[in-house]
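Close look at the chain arrangement
The chain contents come next:
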Number of protein chains: 4
Amino acid sequence: MAILRNAQRIMKFVTNGPSFDSVMTKVEVVAASHGKCRCEVTLDESHLNRGGSLHGGFTATLVDSVSTVAVMCADKPPGVSVDMNITYLSPAKEGDIIEIDAECLKVGKTLAFATVDIRNKSNGDRLVAQGRHTKHIAQQS
Amino acid sequence: MAILRNAQRIMKFVTNGPSFDSVMTKVEVVAASHGKCRCEVTLDESHLNRGGSLHGGFTATLVDSVSTVAVMCADKPPGVSVDMNITYLSPAKEGDIIEIDAECLKVGKTLAFATVDIRNKSNGDRLVAQGRHTKHIAQQS
Amino acid sequence: MAILRNAQRIMKFVTNGPSFDSVMTKVEVVAASHGKCRCEVTLDESHLNRGGSLHGGFTATLVDSVSTVAVMCADKPPGVSVDMNITYLSPAKEGDIIEIDAECLKVGKTLAFATVDIRNKSNGDRLVAQGRHTKHIAQQS
Amino acid sequence: MAILRNAQRIMKFVTNGPSFDSVMTKVEVVAASHGKCRCEVTLDESHLNRGGSLHGGFTATLVDSVSTVAVMCADKPPGVSVDMNITYLSPAKEGDIIEIDAECLKVGKTLAFATVDIRNKSNGDRLVAQGRHTKHIAQQS
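- By the naming in an unreviewed UniProt entry, chain A is Acyl-coenzyme A thioesterase 13, taken from Geodia barretti.
- For the record of chain A, the UniProt heading Sequence similarities (unreviewed entry) holds the text "Belongs to the thioesterase PaaI family."
- Here is the UniProt Subunit (unreviewed entry) comment for chain A, exactly as written: "Homotetramer. Interacts with PCTP."

As for the overall build of chain A
- Helices and strands together make up the secondary structure of chain A, namely two helices and six strands.
- Moving toward the C terminus, one meets the helices and strands of chain A in the order α-β-β-α-β-β-β-β.
- Taken against the 2.2 N^0.38 rule, which gives 14 Å for 141 residues, the C-alpha radius of gyration of chain A at 14 Å falls within 12% of a compact globule.
- Along the three orthogonal principal directions, the C-alpha set of chain A runs to about 40 × 30 × 25 Å.
- Among the 141 residues that make up chain A, the fraction classed as buried is 56%.
- Per element, the accessible surface of chain A, about 5700 Å² overall, is 49% carbon and sulfur.
- For chain A, the separation between the mean place of its 16 positive charges and that of its 15 negative charges on side chains is 5 Å.

Regarding the sheet that holds strand β6 (residues 126–136) of chain C
- Spatially, the twelve strands line up as an open sheet ordered β1(C)-β2(C)-β4(C)-β5(C)-β6(C)-β3(C)-β3(D)-β6(D)-β5(D)-β4(D)-β2(D)-β1(D), and their pairing is antiparallel. Each of the sheet's edge strands pairs with one partner strand only, and the pair in question is β1 (28–33) of chain C together with β1 (28–33) of chain D. Here the strands of the sheet are splayed against their neighbours by 15° on average, with no regard to which way each runs.
- Where strand β3 (residues 80–88) of chain D meets strand β6 (residues 126–136) of chain D, eight bridges bridge the pair, whose relative direction is antiparallel. Within β6 of chain D, the position partnered with Met 84 of chain D by the bridge is His 133 of chain D.
- The sheet contacts of helix α1 (residues 2–15) of chain D involve β1 and β2 (36–42) of chain D, and relative to β1 of chain D the element is tilted by about 140°.

Notes on the interface of chain A and chain B
- With 31 residues of chain A at the contact, the number on the chain B side is 31 residues.
- Considering only the side of chain A, the residues that lose the most area to chain B are Phe 20, Arg 50 and Tyr 88 of chain A, jointly responsible for 30% of the buried surface there.
- The tally of links between chain A and chain B comes to zero salt bridges.
- Across the contact surface, chain A and chain B share 18 residue pairs in polar contact (both at pLDDT 80 or more).
- Here the element with the most residues in the side of chain A that touches chain B is strand β3 (residues 80–88) of chain A; it accounts for eight residues.
- Its residues assigned to classes, the side of chain A that touches chain B shows twelve nonpolar, 14 polar and five charged.
- Two strands pair when backbone bridges link them, and β3 of chain A and strand β3 (residues 80–88) of chain B are joined in this way by five bridges, in the antiparallel orientation. The residue bridging Ile 86 of chain A from the neighbouring strand is Met 84 of chain B, located in β3 of chain B.

Quick word on the relation of the copies chain A and chain D
- Of the two same-sequence chains, chain A is brought onto chain D (RMSD 0.0 Å, axial shift 0.0 Å) by a rotation of 180°. The superposition of one copy onto the other is thereby described by a two-fold rotation axis. The position closest to the rotation axis in chain A is occupied by the C-alpha of Asp 83 of chain A, lying 3.5 Å away.
- A share of 100% of the interface residues of chain A reappears at the interface of chain D, consistent with the copies meeting face to face through the same patch.

What about the pattern of salt bridges?
- The full count for this structure, using the stated rule, is 24 salt bridges over all chains.
- Arg 38 of chain B serves as the salt-bridge partner of Glu 99 of chain B, at 3.9 Å between the closest nitrogen and oxygen. Taken as a pair, Glu 99 of chain B in strand β4 (residues 97–107) and Arg 38 of chain B in strand β2 (residues 36–42) lie far apart in primary sequence, 61 residues in all.
- Accessibility expressed as a relative area gives 12% for Glu 99 of chain B, which makes it buried.
- Residue Asp 117 of chain B pairs with Arg 119 of chain B through a salt bridge whose shortest N-O separation is 3.7 Å.
- Connected via shared salt-bridge partners are Arg 38, Glu 99 and Asp 101 of chain A.

Re the packing of aromatic side chains
- Scanning the entire structure with this criterion turns up six aromatic pairs over all chains.
- With centroids separated by 6.3 Å and ring planes inclined at 75°, the aromatic side chains of Phe 20 of chain C and Phe 20 of chain D adopt a geometry described as edge-to-face. Placement of the pair is Phe 20 of chain C in the loop between α1 (2–15) and β1 and Phe 20 of chain D in the loop between α1 and β1, with the two residues belonging to separate chains.
- A connected cluster of aromatic rings, assembled from ring pairs, spans Phe 20 and Phe 58 of chain A together with Phe 20 and Phe 58 of chain B.
- Between the NZ or CZ atom of Arg 50 of chain C and the centre of the ring of Phe 13 of chain D, over which it lies, the distance is 4.1 Å.

Quick look at the UniProt feature "domain: Thioesterase" (unreviewed entry) in chain A
- Here the UniProt feature "domain: Thioesterase" (unreviewed entry) sits at residues 51–124 of chain A.
- Taken end to end, residues 51–124 of chain A is 23% helix and 41% strand, and its first and last C-alpha atoms sit 22 Å apart.

Details of the interface of chain A and chain D
- The interface is formed by ten residues belonging to chain A together with ten residues belonging to chain D.
- Put simply, chain A and chain D have zero salt bridges between them.
- Residue assignment for the side of chain A that touches chain D shows that the elements contributing at least two residues are β3, β5 (111–120) and β6 (126–136) of chain A.

Things to note about the relation of the copies chain A and chain B
- Relative to chain B, chain A is turned by 180° and slid 0.0 Å along the rotation axis, the superposed coordinates differing by an RMSD of 0.0 Å.
- By residue overlap, the copies meet face to face through one surface: 100% of the interface positions of chain A are interface positions in chain B.

Examining the sheet that holds β3 of chain A
- Taken in spatial order, the twelve strands line up as β1(A)-β2(A)-β4(A)-β5(A)-β6(A)-β3(A)-β3(B)-β6(B)-β5(B)-β4(B)-β2(B)-β1(B) in an open sheet, and their pairing is antiparallel. At either margin of the open sheet sits one strand with a lone partner, and together these are β1 (28–33) of chain A together with β1 (28–33) of chain B. Each strand axis lies, on average, 15° off the axis of its neighbour in the sheet, ignoring direction.
- Relative to β1 of chain A, helix α1 (residues 2–15) of chain A is tilted by about 140°, and along the sheet it contacts β1 and β2 (36–42) of chain A.
- Where helix α2 (residues 56–72) of chain A meets the sheet, its contacts fall on β2, β3, β4 (97–107), β5 and β6 of chain A together with β3 of chain B, and the angle it forms with β3 of chain A comes to roughly 130°.

Structural notes on the environment of Lys 76 of chain C
- With respect to the element layout, Lys 76 of chain C can be found in the loop between α2 (56–72) and β3 (80–88).
- If sequence neighbours within four positions are ignored, Lys 76 of chain C has contacts with Val 71, Val 107, Gly 108 and Ile 137 of chain C.

Comments concerning the nonpolar core
- Of all hydrophobic cores here, the largest spans 78 residues; its most connected members are Ile 86, Ile 100 and Ile 118 of chain A together with Phe 58, Ile 86, Ile 100 and Ile 118 of chain B.
- Listed in part, the 77 residues of the second largest apolar core include Phe 58, Leu 62 and Met 84 of chain C together with Phe 20 of chain D.

As for α2 of chain C
- With 17 residues, α2 of chain C extends 24 Å from end C-alpha to end C-alpha; this agrees with the ideal 24 Å at 1.5 Å per step.
- With 16 of 17 residues buried, α2 of chain C lies mostly within the body of the structure.

Criteria and cut-off values
Residues numbered from 1 in each chain as written. Chains lettered and ligands numbered in written order. Predicted model: local features only at pLDDT ≥ 70, side-chain atom pairs only at ≥ 80, totals over all residues. Heavy atoms only, no water. UniProt positions renumbered as here; feature names shortened; annotations may be inferred. Helix = DSSP H or I, 4+ residues; strand = E, 2+ residues; numbered from the N terminus. Rg over C-alpha atoms; globule rule 2.2 N^0.38 Å. Buried < 20%, exposed > 50% of the residue type's maximum accessible area, 1.4 Å probe, protein only. Areas by Shrake-Rupley, 256 points an atom, 1.4 Å probe, with all protein chains shown as cover. Lys, Arg positive; Asp, Glu negative; His and termini not counted. Charge placed at Lys NZ, Arg CZ, Asp CG, Glu CD. Pairing = 2+ DSSP bridges. Axes fitted to C-alpha atoms, helices over the stretch in contact; angles between N-to-C directions. Contact = heavy atoms within 4.5 Å. Buried area = accessible area lost by both parts, 1.4 Å probe. Salt bridge = Lys/Arg side-chain N within 4 Å of Asp/Glu carboxyl O. Polar contact = N/O pair within 3.5 Å; in protein donor to acceptor, adjacent residues only side chain to side chain. Nonpolar A, V, L, I, M, F, W, Y, C, P; charged D, E, K, R; others polar. Least-squares fit on C-alpha atoms with pLDDT ≥ 70 in both. Phe/Tyr/Trp six-rings, centres within 6.5 Å; stacked < 30°, edge-to-face > 60°. Lys NZ or Arg CZ within 6 Å of the ring centre and 35° of its normal. Core = buried A, V, L, I, M, F, W, Y, C linked by side-chain atoms within 4.5 Å. Expected span 1.5 Å × (residues − 1).

Structure representation (structure tokens):
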């Protein structure tokens, strides 16, 4: 519970302001444990492309941000991105409830690695995207 | 010149509205030719993370969006993302002028492939990130 | 059982000959079901780099080949690679028993997507690498 | 010239033995400079899949190995792979002469980053594949 409350506090702090993180304002942390973070968001127009589907850039931002919170849930600093990849598997649309599940695969001294599954709760938990994120978490590169 | 004007029109249409693409409002198309698109943006707070650096999610959105315009500059529909990857090489900060250079590596019947270099014009054209984007451009997946 | 026997037959056919697949000769299919394939290999010198660790190129070949068998276990042709990525998490050495677990995330008409976990059974099932593979499986690209 | 001779010596040392690197035996270093390495190979049966095309696992091995030599051409140790990705663009077949061009994008204290283009000299320098490779080159991970 302490980890969940902490993750929620981080998400609120990060998204509450004029930075790019404000695109995550409606994303809610629903579960968190050591090295893991699960979020949910109900898609509205601000998350979509002009074609009315979940925007690939927002999907990438979800992979980036939720995995970063997962790293912080392993008592590490947010660090700096090294490599990120996303495979896009199915679309999602306005009103769909999306679940973002990030899990650290390894947290080392210098690098942390996380995998992220994005599922559509409004469509049988269908996989929307899967990503992986490598972060440099040591004090200095 | 017709391709450049067309690319500028696409970017204006896409970013002008309540969709996620509005995060790209300040990104300007400065050059375009068949299968290529170059943009520029001066970084302000809305592009940064809470640490004051270019946000990894915005970087990914640049890779996604500018490569999509490059595909459209090859007379193709915007299509749907299949795979995207980004390698983050150096930070950028408020006030820096960032150049995003997207080039199609191949435009087939079903798939289009583009590579994207993001450079910091305020820091000796230092490479900020490099990405690759595969899109499904056929009518039906 | 029919799927397992079929996967074993595919692996034997593919590796038995002068092609590059012969590097997989010692890799054994131990389980298979619709869209899934699990293999094992005991590492010897032929799988290592000059430093005595599992070679990154062989790791990539495992991701490629075992995910391809998983696609064939979903009654699809082997298809053609589109995108592949590998994150390397921990080393493995001579004598270690390595498990390669490939699972299709989605099998569409044109594209198939698989994720692959490589674990070290001689080291507490530690994750050695994780990869993802997108294949074009339609008759013509 | 000293860098080229050194790169050739490294490639010979690495491929001459019973390790997995022996799959690279016929790959020749044709040019090298600080942080760059270019190789060539004429494809024979040992580089192909059962369908008679360049094997995706061998392609990945080329990305891995030639970029590692490029890192060593920047006076760094070979290091350990962190992330690698490959986009497959066009096939190549027996007898084709393939050029592998690796270039370091950045060589830091802890991490080195390289991009690799693989082109088919027998087919108008058509791009066969493009990859990126992130290596951990510090003494300790």
